Amino acid sequence: MFVSKNLEVNEKGHLTIAGNDAVSLAREYGTPVYVMDEELIRENCRKFSESFASYYDGNGMTLYASKAFSCKEIYRIVDQEGMGADVVSLGELYTALSAGFPAEKIYFHGNNKSREELEYALSHDIGCIVVDNLEELGQLDLLAGQMGKRPGIMFRIKPGIDAHTHDFIRTGQIDSKFGLALETGEAMTVLKRASAMEHLYLKGVHCHIGSQIFDLEPFKAAAEVMLRLIAQLKEETGIEVEQLNLGGGFGIKYTLEDQPVSYEKYMKEVSVTVNEVVRELGLNRPFILIEPGRSIVGPAGTTLYTVGAVKEIPGIRTYVSVDGGMTDNPRYALYQAKYDMALANKAGEEKNTVVTVAGKCCESGDLLGESIPLQRAEAGDVLAVFATGAYNYSMASRYNRTPVPPVVMVKDGESRLIVKRETLEDLTRNDL
Ligand SMILES: *Cc1c(COP(=O)(O)O)cnc(C)c1O
């Protein structure tokens, strides 16, 4: 009935999130509010780590791709779960370090890192910089030399696999702003150059083939392509890099029709592929990294809103407007992302209307969804949008000077604030 297993209906007919009455949460913290389920986040973390133990002798590490949801508390949780973290900006790196996250377990991504970002990363001795291009390589080697550092690096490679086509394709992904192309020989040229650089330590190679992927084949194909690259580099330079980072992108259930891959199955099948290819190529088994973001936090989040105006346009559609919108969840406005929703105070009732859920911004495209099956809505109802734990809070904006909503963590029937609601003073803090 619900997309996430932590959602139920209690005796009052109210939605519960990990045992917490959603209507009470809305009352206590106000709306809109992001609610995150700590146990579900931890369980998702463990699924990945345990699969490494079961299928790859534990010779790997899960990095949480923190752009999906970044705040101090999530770095503490992920650290307690023994994972590393990916960051893609100075802001995420700063947040991780402020939360006490171990610098040596941080991997720093980005296609256009600034000098300030690189200096900050070097001065804090973070674990690995995932270099995107030749320009960055040169700048990093120079900076590292000046600062007396020798950071670990890996390269972002475009493996030529596009996981987003129905039948995924093995070539033709050269047109991406991220990384170095394999087909053109660019990747090999840059890797060779890096392996000779005095102030950098070439740890490995990285790829990330897409997001919200439901199919295992492209992941296996990418692993094979990357291992062949490692073998070629070994052949041409004598250097065999130790780490293979296979990125993230595991799909989650946004709607009842979505059928995500099982992460255990992913690890099992990818391990088989790696073992076979490594044997064929005469390589050592690399230390494998994976970078799930959405699949760690996405299913654990629910956003609660209060319904205001309900506007029925006869023969056309019914607009149900809520007190948030594209400012707290821009994903529908950006790419028509689909969500499952319910009225938290009527969760036990049948969904007998089909509506368009609109936000409150001055923008016609400010919708949370169209053709949404919902219980009959009226002003004052609490609308719950499910699976909003990833790329919602982290993508929030202040359009129309809308304060960013708070994040509440629920666990064992208790709730606590982990990010406060922005205030009107916060909005004008930097205005001169
Ligand atoms: C976005 C991103 C991820 C995480 O992707 P998800 O779809 O959230 O799992 C991992 N690695 C890199 C390099 C990314 O850019």
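Please read these numbers as outputs of a predicted model, since none were measured by experiment. Throughout this description, residue numbers start from 1 for each chain and increase along the sequence as written. Predicted model: local features are reported for residues with pLDDT of at least 70 only, side-chain atom pairs are reported and counted for 80 or more only, and whole-chain, interface and lining totals are derived from all residues. Excluding hydrogens and water, the side-chain values take into account all heavy atoms of the structure.

J.: Help me understand the environment of Lys220 in this model?
T.: In DSSP terms, a helix is any run of H or I states spanning at least four residues, a strand is any run of E spanning at least two, and both are numbered starting from the N terminus. Here Lys220 is to be found in helix α8 (residues 217–237). Any two residues whose heavy atoms approach within 4.5 Å are treated as being in contact. Look past the residues within four positions of Lys220 in its chain and what remains in contact with it is Glu269, Val270 and Thr273.

J.: Mind showing me how you'd approach the site of the ligand here?
T.: Nearness is judged by heavy atoms alone; a residue qualifies as near a molecule or strand once a single heavy atom is within 4 Å of it. Contacts to the ligand come from 15 residues, most closely from Lys67, Ser211, Glu291, Arg294 and Tyr391. Contacts to the ligand include His208, whose side-chain N or O atom sits 3.5 Å from a nitrogen atom. Contacts to the ligand include Gly249, whose backbone N or O atom sits 2.9 Å from an oxygen atom. For the purposes of these results, a polar contact is taken to be a pair of N or O atoms within 3.5 Å, where, inside protein, one atom must be able to donate a hydrogen and its partner to accept one; residues adjacent in sequence count only when each atom of the pair is a side-chain atom.

J.: I keep staring at the pairing of strand β17 (residues 353–358) and nothing clicks. Help me out?
T.: The two faces of a sheet get side chains in turn, since along a regular strand they alternate between them. Each residue's exposure class comes from its accessible area (1.4 Å probe, protein chains only) as a fraction of the maximum for that residue type: buried when under 20%, exposed when over 50%, partly exposed otherwise. The buried fraction of β17 is high, at five of six residues. Between any two strands, at least two bridges found by DSSP are needed for them to pair. Two elements, strand β15 (residues 317–322) and β17, share three bridges in a ladder whose sense is parallel. Within β17, the position partnered with Ser321 by the bridge is Ala358. Pairing of β17 with strand β18 (residues 367–374) involves five bridges; the strand directions are antiparallel. Bridged to Val354 within β18 is Pro373.

J.: Is there a simple way to think about the packing of aromatic side chains in this case?
T.: Given two aromatic rings, their pairing is described by the distance between the two centres and the angle made by the two planes. Side-chain rings of Phe, Tyr and Trp (the six-membered ring for Trp) are treated as a pair once their centres are within 6.5 Å; stacked means planes under 30 degrees apart, edge-to-face means over 60, and tilted covers the remaining angles. One pass over the full model with this rule turns up eleven aromatic pairs. Aromatic pair Phe48 and Tyr263: ring centres 4.6 Å apart, planes at 25°, arrangement stacked. Residue Phe48 is found in helix α2 (residues 38–55), and its partner Tyr263 is found in helix α9 (residues 263–281); the two are separated by 215 residues along the sequence. Taking the relative accessible area as the measure of exposure, Phe48 reaches 1% and is therefore buried.

J.: Teacher, can you tell me more about the sheet that holds strand β3 (residues 20–21) here?
T.: Read from one edge of the open sheet, three strands run β1-β2-β3, paired in antiparallel fashion. Edge positions in the open sheet fall to β1 (7–9) and β3, since each of these has one partner strand only. As defined by bridge partners, strand β2 (residues 15–17) adjoins β3 across two bridges and the pair is classed as antiparallel. Bridge pairing in β3 places Thr16 opposite Asp21.

J.: Would you mind showing me how to read the nonpolar core here?
T.: Within soluble globular proteins, side chains that are nonpolar generally end up buried alongside one another. Put simply, a nonpolar core is a bunch of buried Ala, Val, Leu, Ile, Met, Phe, Trp, Tyr and Cys residues held in one set by side-chain atoms that sit within 4.5 Å of each other. Grouped together as the largest cluster of nonpolar side chains are 111 residues, with contacts concentrated most on Ile41, Phe69, Ile153, Phe155, Val297 and Leu383. Here this core gets ten residues from one element, more than from any other, and that element is α8. Phe2, Ile17, Ala384 and Val410 belong to the second largest nonpolar core, which has 21 residues in total.

J.: Sorry, what's going on with the pattern of salt bridges here?
T.: Close approach of charged atoms lets side chains of opposite charge pair. Definition used for salt bridges: Asp or Glu carboxyl oxygen within 4 Å of a side-chain nitrogen of Lys or Arg. The tally for this structure, following the rule as stated, stands at 27 salt bridges. A salt bridge links Glu236 to Lys192; its shortest N-O distance comes to 2.7 Å. Taken together, the positions of Glu236 in helix α8 and Lys192 in helix α7 (residues 186–195) put the pair 44 residues apart, joining distant regions of the chain. The class for Lys192 is partly exposed, based on a relative accessible area of 35%. The partner of Glu217 in a salt bridge is Lys220, and the shortest N-O contact between them spans 3.3 Å. In this pair, Glu217 and Lys220 are both assigned in helix α8, three residues apart and thus about one turn of the helix distant. Since its relative accessible area comes to 41%, Glu217 is described here as partly exposed. Salt bridges here are not isolated pairs; linked through shared partners, they connect Glu38, Glu39, Arg42, Arg46, Glu73, Arg76, Glu81, Lys411 and Arg416.

J.: Please clarify how unusual backbone geometry should be interpreted in this entry.
T.: The amide bond that connects Thr31 to the next residue, Pro32, takes the cis arrangement and shows omega of -5°. Here Pro32 shows up in the loop between α1 (22–29) and β4 (33–37). The backbone of Gln212 shows a phi angle near 55°, a positive value even though the residue is not glycine. A positive phi angle, close to 55°, is found at Ser371, a residue other than glycine. The topology assignment puts Ser371 in strand β18.

J.: I would appreciate a short explanation of helix α3 (residues 72–80) in the present structure.
T.: One turn of the α-helix equals 3.6 residues, which is why residues spaced by three or four share an orientation. All of the buried residues along α3 are Glu73, Ile74, Tyr75, Ile77 and Val78. Two residues or fewer after α3 comes Gly82, characterised by a positive phi angle close to 80°.

J.: Any chance you could explain the side chain of Arg42 here in plain terms?
T.: Inspection of the secondary structure assignment puts Arg42 in helix α2. A polar contact is formed between the side chain of Arg42 and the side chain of Gln80, at a distance of 2.5 Å. Excluding residues within four positions of it along the chain, Arg42 makes contact with Ile77, Gln80 and Glu81.

J.: Help me understand the pairing of strand β14 (residues 301–313) in this model?
T.: As paired strands, β4 and β14 are joined by four bridges and run antiparallel to one another. Note on β14: the bridge partner recorded for Tyr34 is Thr303. Direction of pairing for β14 relative to strand β19 (residues 382–386): antiparallel, over a ladder of five bridges. The partner of Leu304 across the bridge, within β19, is Ala384. Note that β14 and β15 share five bridges and pair antiparallel. By the bridge assignment for β15, Ile313 is matched with Arg317. In textbook terms, the turn of a hairpin is the stretch between consecutive antiparallel strands, and for β14 and β15 this stretch comprises three residues, one of which, Gly315, has a positive phi near 75°.

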